[in-house]
Amino acid sequence: GVFLVGVISVLSIVPSDYKVDSIENYVTITIRLDRPCEPRATLRITHPLEYMKSANAAFQGAPVTTGVTFPRMKEIRQSQNIIEIIAIEETIPANEDMEISIIMSNPGISPTRMTNIWTFEASSMRTGSKVIQ
């Protein structure tokens, strides 16, 4: 079964470029969990498809990076508009500001407020049952 156990606070989503049709936009997200998420923990971020990185983006480096408060041993998966950061051996901490940087693209027209929906989930399989924050 799935059990809801906590809340993820999104403190900020800050783009480096506010212009439309920006091919390469570094977006920094700051979150805080109210409860720790034990390994093997997964943080899943889903963003609107319109912000997916353009195939023409000529960026250098990883498309998703994490700040120093994230666990060191992690696996990062990205498939279209879904990003998963999996903490393999360490707990994702509670009550600490954690930064995630994502390379995205800005569309010609921003999504409407009704469709500009981001979701953040943290889950753990530590107990054998999926526990979601």
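Here is a short report on the structure shown in this document. (Residues numbered from 1 in each chain as written. Predicted model: local features only at pLDDT ≥ 70, side-chain atom pairs only at ≥ 80, totals over all residues. Heavy atoms only, no water.)

**Quick notes on the packing of aromatic side chains**
- Across all of its chains, the model carries two aromatic pairs by this definition.
- Where tyrosine 51 meets tryptophan 118, the ring centres are 6.2 Å apart and the plane angle is 40°; that geometry is what we call tilted. Here tyrosine 51 is found in the loop between strand S4 (41-46) and strand S5 (64-66), whereas its partner tryptophan 118 is found in the loop between strand S8 (98-104) and strand S9 (119-124), with 67 residues between them in sequence. The same class applies to tyrosine 51 and to tryptophan 118, which are both buried. (Phe/Tyr/Trp six-rings, centres within 6.5 Å; stacked < 30°, edge-to-face > 60°. Helix = DSSP H or I, 4+ residues; strand = E, 2+ residues; numbered from the N terminus. Buried < 20%, exposed > 50% of the residue type's maximum accessible area, 1.4 Å probe, protein only.)

**Section: the sheet that holds strand S3 (residues 25-33)**
- Overall, antiparallel pairing links the four strands, which are arranged S2-S3-S8-S5 in an open sheet. Where the open sheet ends on each side, the last strands, each with one partner, are strand S2 (8-15) and S5. Neighbour to neighbour, the strand axes of the sheet diverge by 20° on average, direction disregarded.
- Inspection of the sheet shows S3 paired to S8 by seven bridges, in the antiparallel sense. (Pairing = 2+ DSSP bridges. Axes fitted to C-alpha atoms, helices over the stretch in contact; angles between N-to-C directions.)

**Digging into the pairing of strand S6 (residues 74-79)**
- Here S6 runs beside strand S7 (residues 82-87); their pairing, made up of six bridges, is antiparallel. Looking across to S7, one finds that glutamine 78 is bridged to isoleucine 83.
- Taken together, S6 and the strand that follows it, S7, pair antiparallel across an intervening segment of two residues, in which glutamine 80 is found at a positive phi of about 55°.

Function-wise, these values are silent; they only describe arrangement.
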